[in-house]
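# Notes for the structure review
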Amino acid sequence: MDIKIINLLFSFLLLLIPITIFIKYKIQLINTLIKSFSQMIIQLLIIAMIFQYLFLNKNIFYTIGWLILMLIFSILTLKKRLNIKKSFLWKIIAIALFTNSIIILPLAIFVFINPKTTFDARFTIPIYGMILGNSMNSLALGIERFNEILADNIKNYYNSICFGATVHEASLPILQKSMRASLLPRIINISSMGIITLPGMMTGQILAGASPFIAIKYQILIMVLIFSSVTLSSYIGLKLFIYKNFDKFYLPKT
Amino acid sequence: MNLNLLEINIKNLYAGDKLILKNFKLNISDNKNITIIGKTGVGKSTLLKTLNLLNLKYEGYILYKNKNILQYRPEELRSKIIMVIQETPLYGDTVLDDITNIFKFKINHNKKFNMDKLKQLLKIFLLPETILNANPLNLSGGEKQRISLIKALLIEPEVLLLDEPSSALDKNTEKIISEYLLNIPIPKFIISHSKIFTEKAEILIELLENQTYNLIKK
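Computed from a prediction, not measured in an experiment: that's the story for all the values here. (Residues numbered from 1 in each chain as written. Chains lettered and ligands numbered in written order. Predicted model: local features only at pLDDT ≥ 70, side-chain atom pairs only at ≥ 80, totals over all residues. Heavy atoms only, no water.)

## Quick notes on the pairing of strand β10 (residues 213-217) of chain B
Residues and elements named next belong to chain B. As judged from the five bridges shared by strand β9 (residues 203-207) and β10, these two strands associate in the antiparallel manner. What sits directly across from Glu-206, in β10, is Asn-214. A loop of five residues connects β9 with β10, the two strands running antiparallel in sequence, and Gln-211 in this loop sits at a positive phi of about 65°. (Pairing = 2+ DSSP bridges. Helix = DSSP H or I, 4+ residues; strand = E, 2+ residues; numbered from the N terminus.)

Structure, rendered in structure tokens:
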């Protein structure tokens, strides 16, 4: 069932509630609110037009081109988000996300979903978006945690290498802790699925008229894809970070 | 000709960007006790760290068994020239975990963990065997210090680098442990101002503030 434009516009009146509160309590958010909503509408409009074009044309090169743009955009976002100033960081992010993408996405599309039209943008783009977005967040969390835990345990680290540990042996406890920190929230999230949270994708499918049984099959598949991607990209990212962050004498680079 | 175990020839030694020592030369061919003294900040720890590749800011060379230390794999050199750093943290659920953990490093695989030797060392270092089941977080500074020394001895190093090994010990314990350490038949570099180490050392090195040093052979 489509939403009428006039009804959608009408829904904006609801925003008068936050605006009234902002005015009454002099919370300086009105400009930001208007700016954010306008930006969202424009961005979504552009995306809808692009998607429409990609979905109708079914051109494999356009689709791949769009996937590459998504990857580049996520690398840039992540680089900006991480407040670790290391010149090699963007390369690590790029390699981790790229490797993860070329392993998981083809499996998802060709093996698990297997749509009638090969590389159908209707499946590829949203699924890649979910894989990429989640991998990006966990990778950021993993690298940040690694850096923090290393700083807190730097004496432990030096102590280990003093007893003959290699860089990988000495950083293993730190790797374990940071992987755990980035993956644990995800695992908890999986078990709460359905009762506490109804995921956006499933909601969308159900609203669009799909049977709940089809919707949950997609949801289960997506959770498997997301969790394996998140683990794989965090692992690759952290291993590369360890490799790059220490010199050949296993000392942290300054 | 005497074969040198360790040949140190440092032209300039830096701590960060600061020059701390010039023209430092020392050859060690047998099991000597070398005690290093000097004011705080003069670079005693930096000198020690230079010997096991924890500090690389120097000009000159250090040979171990006639091979430049830079040519060793770091883990190989560090498992032979073992350094016990100050206030070493312990790691793991129990003290025993922390001790056995170092035997999991690949370079130490050929050295078997020996429980009897551990118990013997605990006795010498005046620690009860029950400490092995204690949580490392509950240990006092002196206990941690002794466990770290025991760990180093279990690995059977060829050279020991000790940074203030008795700083957290009471007089009586210090005397017993210092005497034991001094009699281990390997070369030892010891940073310490305690009387036992300064008096019984065969070589006493005093680092001075103007990048020079006094070397007294007894």
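## Notes on the domain arrangement of chain A
All names here are of chain A. Assigned domains of chain A: these are domain 1 (1-57) and domain 2 (59-245). Distance between the C-alpha centres of domain 1 and domain 2: 29 Å. Taken together, the contact pairs seven residues of domain 1 with seven residues of domain 2. With both chains or domains summed, domain 1 and domain 2 bury close to 730 Å², and 76% of this area falls on carbon and sulfur atoms. In terms of surface lost to domain 2, no three residues of domain 1 exceed Phe-51, Leu-54 and Phe-55, which account for 65% of the buried area on that side. For the pair domain 1 and domain 2, the interface holds zero salt bridges. Across the side of domain 1 that touches domain 2, the residue classes tally to six nonpolar, one polar and no charged. (Domains from an automatic or database assignment. Contact = heavy atoms within 4.5 Å. Buried area = accessible area lost by both parts, 1.4 Å probe. Salt bridge = Lys/Arg side-chain N within 4 Å of Asp/Glu carboxyl O. Nonpolar A, V, L, I, M, F, W, Y, C, P; charged D, E, K, R; others polar.)

## Here's the deal with the pattern of salt bridges
Residue and element names in this part refer to chain B. Across all of its chains, the model carries 11 salt bridges over all chains by this definition. Between Glu-156 and Lys-117 there is a salt bridge, with the nearest N and O atoms lying 3.4 Å from each other. Linking Glu-156 in the loop between α5 (141-154) and β7 (159-163) with Lys-117 in helix α4 (residues 115-124), this pair joins segments that are 39 residues apart in sequence. A residue is classified by how much of its surface remains accessible, and Glu-156, at 51% relative accessible area, is exposed. Salt bridges sharing common partners tie together Lys-175, Glu-179 and Lys-200. (Buried < 20%, exposed > 50% of the residue type's maximum accessible area, 1.4 Å probe, protein only.)

## Some points on the interface of chain A and chain B
Often, the extent of an interface is quoted as the loss of accessible area on bringing the components together. With 17 residues of chain A at the interface, the matching set in chain B holds 28 residues. When chain A packs against chain B, close to 1,900 Å² is buried across both sides, 63% of that on carbon and sulfur atoms. Of all residues in chain A, A:Cys162, A:Phe163 and A:Phe249 give up the largest surface area on contact with chain B, accounting jointly for 38% of the area buried on that side. Among the ionic pairs, B:Glu87 bridges to A:Lys155, the shortest N-O distance being 3.9 Å. Mapped onto the side of chain A that touches chain B, the elements with two or more residues apiece are α7 (154-162) and α8 (167-191) of chain A. In terms of residue count, the dominant contributor to the side of chain A that touches chain B is α7(A) (seven residues).

## A word on the packing of aromatic side chains
Centre-to-centre distance and the angle between the planes together describe a pair of aromatic rings. Residues and elements named next belong to chain A. Under the counting rule described, the total for this entry stands at 12 aromatic pairs over all chains. Centre to centre, the rings of Phe-146 and Phe-241 are 5.6 Å apart; their planes meet at 80°, and the pair counts as edge-to-face. Here the residue Phe-146 occupies a position in helix α6 (residues 121-152), and Phe-241 occupies one in helix α10 (residues 212-245), the gap between them amounting to 95 residues. Clustering of aromatic rings is evident, with ring pairs tying together Phe-51, Phe-55 and Trp-66. (Phe/Tyr/Trp six-rings, centres within 6.5 Å; stacked < 30°, edge-to-face > 60°.)

## Section: the pairing of strand β8 (residues 188-191) of chain B
Side chains of β8(B) alternate between two faces, with B:Lys188 and B:Ile190 and B:Phe189 and B:Ile191 buried alike. Chirality of the crossover, the property in question, places the unit of β7(B), helix α6 (residues 171-182) of chain B and β8(B) among those that are right-handed. (Right-handed = clockwise from strand over helix to strand, strands pointing away.)

## Comments concerning the environment of A:Ile46
Residue and element names in this part refer to chain A. Within the element layout of this structure, Ile-46 appears in helix α3 (residues 30-57). Classification of Ile-46 by relative accessible area gives partly exposed; the value is 42%. Taking the C-alpha atoms as reference, Ile-46 lies 21 Å from Thr-32; in sequence the two are 14 residues apart.

## Re the packing of α6(A) against α10(A)
All names here are of chain A. Relative orientation of the contacting elements α6 and α10 amounts to 40°, with a least axis distance of 8 Å. With respect to each other, α6 and α10 are oriented oblique. In the crossing of α6 with α10, the sense of the turn from one axis to the other is right-handed. Looking at the contact of α6 with α10 residue by residue, the classes come out as 16 nonpolar, 10 polar and no charged. (Axes fitted to C-alpha atoms, helices over the stretch in contact; angles between N-to-C directions. Parallel < 35°, antiparallel > 145°, perpendicular 65-115°, else oblique. Left-handed = near helix turned anticlockwise from the far one by under 90°.)

## Let's talk about helix α4 (residues 60-81) of chain A
Residues and elements named next belong to chain A. Over its 22 residues, α4 extends 32 Å from the first C-alpha to the last, a length consistent with the 32 Å expected when each residue adds 1.5 Å. Those residues of α4 not exposed but buried are Thr-63, Trp-66, Leu-67, Met-70, Leu-71, Ser-74, Ile-75 and Leu-78. Looking at the buried side of α4, the elements it contacts are α3, α5 (89-113) and α6. The N-terminus of α4 is capped by Asn-59, whose side-chain oxygen sits 2.7 Å from the backbone nitrogen of Phe-61. (Expected span 1.5 Å × (residues − 1). Polar contact = N/O pair within 3.5 Å; in protein donor to acceptor, adjacent residues only side chain to side chain.)

## A few points about the side chain of A:Thr124
If you trace the backbone, A:Thr124 turns up in helix α6. Residues within four places of A:Thr124 in sequence aside, it is in contact with A:Thr63, A:Leu67, A:Leu105, A:Ile109 and A:Phe119.

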